[in-house]
Amino acid sequence: MRTRTLLAVAAPIALAPLLLAAGLWWAQRPVEPAWHDNALADATDTADRIQARFARDHLYKAADYAHTAGQEPGVAVLQVHGETHWQTGVTLVLRVTGHGQGVNGNGTVVEGDAQVCFRFRLGPERDSRDDGIDCPAGDPLPIRPDPTLSGVDERLKQALAVAGPDEAAVRVAVEGLGLDPAVRREVTAARGMVGVALRAAQYDCLLARVGPKGAQTWRPSHTQLAPGELPCTAGTALSSQFGRYPH
């Protein structure tokens, strides 16, 4: 009986330091900020979007994978290995910055950024992805951002309407738009009309033509602009394909 009494008294005393240590650890444990999970989700959404674009754009060269990924805001290309999808396979490591918001214990909205690294294994037999890997050391690869034709459609149409079906006047009007020097420009006249093609990237193409009835602009669909499909040229702007989407 005496032994049981001693054990009943000694056990809580012996456990007290362990309970105290556990309580201190819990109080001092690292706690992720309120926005952190949302930032991780945002980074993952970006990785999903890039992976979908790889498939949609039918990419297979290492340089094209890296260039496409590098156009996404908040994405740094850290490593690229391999040459093509179908032969060597391509491994791509990206560092993605995700942004998140949350509410802290005081009810205040807080926000911040989190960086997550992803490894894409593309071919040769199948594609896969590893999320949340350790980010390799070193500076990102230099990826030149593509120019953009965002907001140019209406400006081009108005400029061509003033210029009329005059090739020289159309050339002056196009140059007057102040486009990025990297945007490819093409102007051609035929059959009383002038065709214009502006191309900023493979899938960023704006076609226009101006004739006696005025100016028209048209953006071919993503499918039409795939390699080997409809060319982004002034000749296309003057052809029967202008303004026609695939059925």
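Everything quoted here is computed from the prediction, not taken from an experiment.

**Description of the overall build of the chain**
(1) Moving on: Counting its secondary structure elements, the chain contains 6 helices and 8 strands.
(2) Moving on: Mapped from its N terminus to its C terminus, the chain presents α and β elements in the order α-α-α-β-β-β-β-α-α-β-β-β-β-α.
(3) Moving on: Put simply, the chain has 247 residues, and 34% of those count as buried.
(4) Moving on: A separation threshold of at least 6 residues defines the contact pool for the chain, and within that pool the share at least 24 residues apart is 52%.
(5) Moving on: When the accessible surface of the chain is split by element, carbon and sulfur atoms take 54% of a total near 14,900 Å².

**Digging into the nonpolar core**
(1) Moving on: In terms of nonpolar packing, the biggest core is built from 21 residues, with Leu149, Val152, Leu156, Leu160, Val170, Val196 and Leu198 touching the most fellow members.
(2) Moving on: For this core, the elements supplying multiple residues, two or more each, are helix H4 (153-163), helix H5 (167-175), strand E6 (193-201) and strand E7 (204-211).
(3) Moving on: If we skip the residues at most four places from it in the chain, Val152 touches Leu177, Leu179, Leu198 and Leu206.

**A closer look at helix H3 (residues 62-70)**
(1) Moving on: When we look at burial in H3, the residues that qualify are Ala62, Tyr65, Ala66, Thr68 and Ala69. Each buried residue of H3 lies within a common arc of 165° when the element is viewed along its axis, so the set occupies one face.
(2) Moving on: Where the residues of H3 are buried, they touch helix H2 (36-56), strand E1 (75-82), strand E2 (90-103) and strand E3 (109-122).

**Overview of the sheet that holds E3**
(1) Moving on: Sheet architecture is open: 4 strands sit in the order E1-E2-E3-E4, paired in antiparallel fashion. The open sheet has two edge strands with one neighbour each: E1 and strand E4 (127-133). Across the sheet, the mean angle separating the axes of adjacent strands is 25° when strand polarity is ignored.
(2) Moving on: Across 14 bridges, E2 lies against E3 in antiparallel orientation. Residue pairing in the sheet places Gly98 in a bridge with Ala114 of E3.
(3) Moving on: Contacts from H2 reach E1, E2, E3 and E4 within the one sheet, and its direction differs from that of E2 by about 145°.
(4) Moving on: Seen against the sheet, H3 touches E1, E2 and E3 and runs at an angle of roughly 170° to E1.

**Notes on the sheet that holds E6**
(1) Moving on: The sheet built from 4 strands is open, its strands ordered E5-E6-E7-E8 with antiparallel pairing. In this open sheet, the two strands that pair with only one neighbour each are strand E5 (184-190) and strand E8 (214-218). Ignoring strand direction, the axes of neighbouring strands in this sheet form an average angle of 15°.
(2) Moving on: Examined bridge by bridge, E6 and E7 share 7 bridges and lie antiparallel to one another. Counterpart to Arg199 in the pairing with E7 is Cys205.

**Overview of the packing of aromatic side chains**
(1) Moving on: Inspection of every chain in the model, using the stated rule, returns 4 aromatic pairs.
(2) Moving on: A centroid spacing of 5.8 Å and a plane angle of 75° characterise the contact between Phe54 and Phe120, whose relative ring orientation is edge-to-face. Within this pair, whereas Phe54 is found in helix H2, its partner Phe120 is found in strand E3, the two being separated by 66 residues in sequence.
(3) Moving on: With a relative accessible area of 4%, Phe54 lands in the buried category.
(4) Moving on: Seen from their ring centres, Trp218 and Phe242 are 5.7 Å apart, and the 65° between their planes marks the pair as edge-to-face. Pair noted here: Trp218 is in strand E8 and Phe242 is in the segment after helix H6 (234-237), with a separation of 24 residues, a long-range link. Residue Trp218 shares its accessibility class with Phe242, and that shared class is buried.
(5) Moving on: Taken together through their ring pairs, the aromatic side chains of Phe54, Tyr65 and Phe120 make up a single cluster.

**Some words on the environment of Ala182**
(1) Moving on: Along the polypeptide, Ala182 turns up in the loop between H5 and E5.
(2) Moving on: When the C-alpha positions of Ala182 and Pro147 are compared, they lie 6.4 Å apart, and in sequence the two are 35 residues distant.
(3) Moving on: In contact with Ala182, other than residues within four places in its own chain, are Pro147 and Arg199.

**Thoughts on the pattern of salt bridges**
(1) Moving on: Throughout the structure, instances matching the rule amount to 11 salt bridges.
(2) Moving on: For the salt bridge of Asp153 with Arg219, the shortest nitrogen-to-oxygen distance reads 2.9 Å. Of this pair, Asp153 sits in helix H4 while Arg219 sits in the loop between E8 and H6, and the two are 66 residues apart along the sequence.
(3) Moving on: Of the charged contacts in the structure, one is a salt bridge between Arg171 and Glu167, with a shortest N-O distance of 2.9 Å.

Criteria and thresholds
- Counting of residues starts from 1 at the beginning of each chain's written sequence and follows it residue by residue.
- A pLDDT threshold of at least 70 governs which residues receive local features in this predicted model, and a stricter bar of 80 or more applies before side-chain atom pairs are shown or counted, although totals over entire chains, interfaces and linings include all residues.
- Values shown for side chains rest on all heavy atoms present in the structure; no hydrogens or waters enter the calculation.
- Helix and strand definitions here come from DSSP, where helices need a minimum of 4 consecutive H or I residues and strands a minimum of 2 consecutive E residues; each element is numbered from the N-terminal end.
- Remark: exposure states derive from per-residue accessible area (1.4 Å probe, protein chains only) relative to the maximum for the residue type, with buried under 20%, exposed over 50%, and partly exposed in between.
- Every residue pair with non-hydrogen atoms within 4.5 Å of one another is taken to be in contact.
- To measure how exposed things are, a 1.4 Å probe is used in the Shrake-Rupley method; for residues, cover is taken only from the protein chains shown.
- Here, nonpolar core means buried Ala, Val, Leu, Ile, Met, Phe, Trp, Tyr and Cys residues that are tied together by side-chain atoms lying within 4.5 Å of each other.
- This arc corresponds to the set of directions leading from the helix axis out to the C-beta atoms.
- Two strands pair if DSSP finds at least two bridges between them.
- Under this scheme, a helix contributes an axis fitted over its contacting stretch, all axes are lines through C-alpha atoms, and angles between N-to-C directions fall in the 0 to 180 degree range.
- Working definition: rings of Phe, Tyr and Trp (its six-membered ring) pair if their centres are within 6.5 Å, and the pair is stacked with planes under 30 degrees apart, edge-to-face with planes over 60 apart, and tilted otherwise.
- Salt bridges are defined by distance alone: a side-chain nitrogen of Lys or Arg within 4 Å of a carboxyl oxygen of Asp or Glu.

Everything listed is a geometric property; what it means functionally is a separate question.
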